[in-house]
Structures are given as C-alpha cells and as structure tokens.
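Read off the chains here:
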Amino acid sequence: LDADDYFLPNRYEKALAILESDPSVDGVYEAVGTVCEGEAAAAFWHRAHPDGNLTTITDALAPEDLFDRLIGGRHGYFHTDGILVRRSLFDRTGLFPPHLRMCQDTCMWLKMALAGRLVGGSLDEPVAMRRVHGENRIIRNAGEQAYYGYLVCEELLHWMPSEWVTPGRL
C-alpha cells in the first residue's frame, strides 16, 4: 500500500476466501478506486483514464490469458493496492526489480501473471483507494513513463524463460 493510499473496510475478505478455497490460485487482483486532489491532478488523471476512477481488469480473464491481455492493454490492469498474492509466488518471479525507479510494480505484476495463476476478485467495486495529487511520482515524472515502459520490457525479456518468449509477445 502506498503511503498516501488507503484500504476500504473488508479489503481482504473476498481475496482471502478465493485463496483459501483454491490452493492452485497464486493471487487475486481487485479493483482500486481513485481520489483526485486538486484540479491539476484530476485533469492529469482524466486525460490518461477517460473511462473513470476505477482501476480494474474489465473482463473476466482466465489466468493463462492474463499476461497477454495485460500486455495488449485492452482489458484494463490492476494496481498494487488491489492485489494479494501467496508468498510462494515470489519464489518463481524473484523480488521487485530494484533498478527500476518507476514501473517496478508493473514489471512484477506482469511476471506474476506469467509465472502464476492470478484470478479476479472484486472487479467492479474498489477494495482500496489511490490518491492522485501533484506529488505523485507518476505525475512529476510523466515524461519518463515511456522510457520505463521500455525498461520493463527489457527486464521481462531477461527474466523470461526462452520457451515463454513467443512471436506474439515480442
């Protein structure tokens, strides 16, 4: 949880129920709401997210399709505040890449989507709220985002076993 964000009541209720009922599931992603503080933050947010204030996966996705759908970008995405994973999944992905100043979470969720079985929990109601304001790194460093997107791709290609690298993923 980022220092300026917050969980909503019963944050883990649905995700824990899913994990407890199915040992084959490695993690559960859920929707995160957004609170914009100030006109500039709201303008930034709505330019990048014209569909609203909910960060979520928009369609039910099979775990084996999640990575390719996240890369394709047409089914939404999930946020750090809305994912719960088993510790054992880190054994397959490693830890967050420390050399990435930004987008290290995006890189981790992509690794986890490829290496594990992540399923959707609460996708239409937020389990946490993200605050957007002028001091967010993503706003202050918006010009660097494309560069860090490139670094995420580079990290994934170095991390990924060769049999997972397919022409569609390149």
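The text that follows walks through the structure, step by step, so that each part is easy to find. (Residues numbered from 1 in each chain as written. Predicted model: local features only at pLDDT ≥ 70, side-chain atom pairs only at ≥ 80, totals over all residues. Heavy atoms only, no water.)

**Examining the sheet that holds strand β6 (residues 118–120)**
What counts, and what does not: Note: two strands are recorded as paired if DSSP finds a minimum of 2 bridges between them. Only runs of H or I of at least four residues qualify as helices and only runs of E of at least two qualify as strands under DSSP, and these elements are numbered from the N terminus. All axes here are fitted lines through C-alpha atoms, helices being fitted over the stretch that makes contact, and every angle between N-to-C directions spans 0 to 180 degrees. Should any heavy atoms of two residues lie within 4.5 Å, those residues are counted as being in contact.
Spatially, β5-β2-β6 is the arrangement adopted by the three strands of the open sheet, whose pairing is mixed. Strands with a single pairing partner mark the edges of an open sheet, and in this sheet they are β5 (83–85) and β6. Strand-to-strand twist in this sheet, taken as the mean axis angle between neighbours without regard to direction, amounts to 20°. The sheet strands contacting helix α1 (residues 13–21) are β2 (27–29), β5 and β6, and the helix crosses β2 at an angle near 150°.

**Notes on the side chain of histidine 79**
What counts, and what does not: Note on classification: 1.4 Å probe, protein chains only; a residue is buried when its accessible area is under 20% of the maximum for its type, exposed when over 50%, partly exposed between these limits.
Position of histidine 79 relative to the elements: it lies in the loop between α3 (66–72) and β5. On the accessibility criterion, histidine 79 (9% relative accessible area) is buried. Not counting residues within four places of it along the chain, the set of residues in contact with histidine 79 comprises Asp2, Asp5, Val32, Thr55, Trp109 and Arg130.

**What about helix α5 (residues 104–115)?**
Formally: One less than the residue count of a helix, multiplied by 1.5 Å, gives the span that helix is expected to have.
For α5, which comprises 12 residues, the first-to-last C-alpha distance of 16 Å matches the rise-based estimate of 16 Å (1.5 Å per residue) to within 8%. The buried fraction of α5 is high, at nine of 12 residues. What α5 keeps buried is the set Cys107, Met108, Trp109, Leu110, Lys111, Met112, Ala113, Leu114 and Ala115.

**Some remarks on the pairing of strand β7 (residues 128–132)**
Most of β7 is tucked away, with four of its five residues classed as buried. Relative to β7, strand β1 (residues 6–7) runs antiparallel, the two being bridged by two bridges. What sits directly across from tyrosine 6, in β7, is methionine 129. Of the pairings in the sheet, the one linking strand β3 (residues 32–36) to β7 comprises five bridges and is parallel in character. Bridging across to β7, valine 32 finds its partner in alanine 128.

**Some remarks on α1**
Keep this limit in mind: The arc under discussion is defined with respect to the helix axis, by the directions toward the C-beta atoms.
Of the residues making up α1, those classed as buried are Ala15, Ile18 and Leu19. For α1, the buried positions fall inside an angular range of 95° around the axis, keeping them on one side. In α1, those exposed residues whose orientation departs by more than 90 degrees from the buried face are Glu13, Glu20 and Ser21. Packed against the buried residues of α1 are β2, β5 and β6.

**Notes on the environment of tryptophan 164**
Take tryptophan 164: it is sitting in the segment after α7 (145–159). Distance from tryptophan 164 to leucine 114, taken between C-alpha atoms, is 8.5 Å for residues 50 residues apart in sequence.

**So, the packing of aromatic side chains**
Put simply, the rule reads: Between rings of Phe, Tyr and Trp, where Trp is taken as its six-membered ring, a pair exists when centres lie within 6.5 Å; planes separated by under 30 degrees are stacked, by over 60 edge-to-face, and by other angles tilted.
Taken as a whole, this structure holds five aromatic pairs when the rule is applied. Pairing tyrosine 29 with phenylalanine 78 gives two aromatic rings, centres 4.9 Å apart and planes at 10°, and the pair type is stacked. With tyrosine 29 in strand β2 and phenylalanine 78 in the loop between α3 and β5, this residue pair connects regions lying 49 residues apart in the sequence. Under the relative-accessibility criterion, phenylalanine 78 is labelled buried at 5%. Between phenylalanine 90 and phenylalanine 96 the ring centres are 6.4 Å apart and the planes differ by 45°, which places this aromatic pair in the tilted class.

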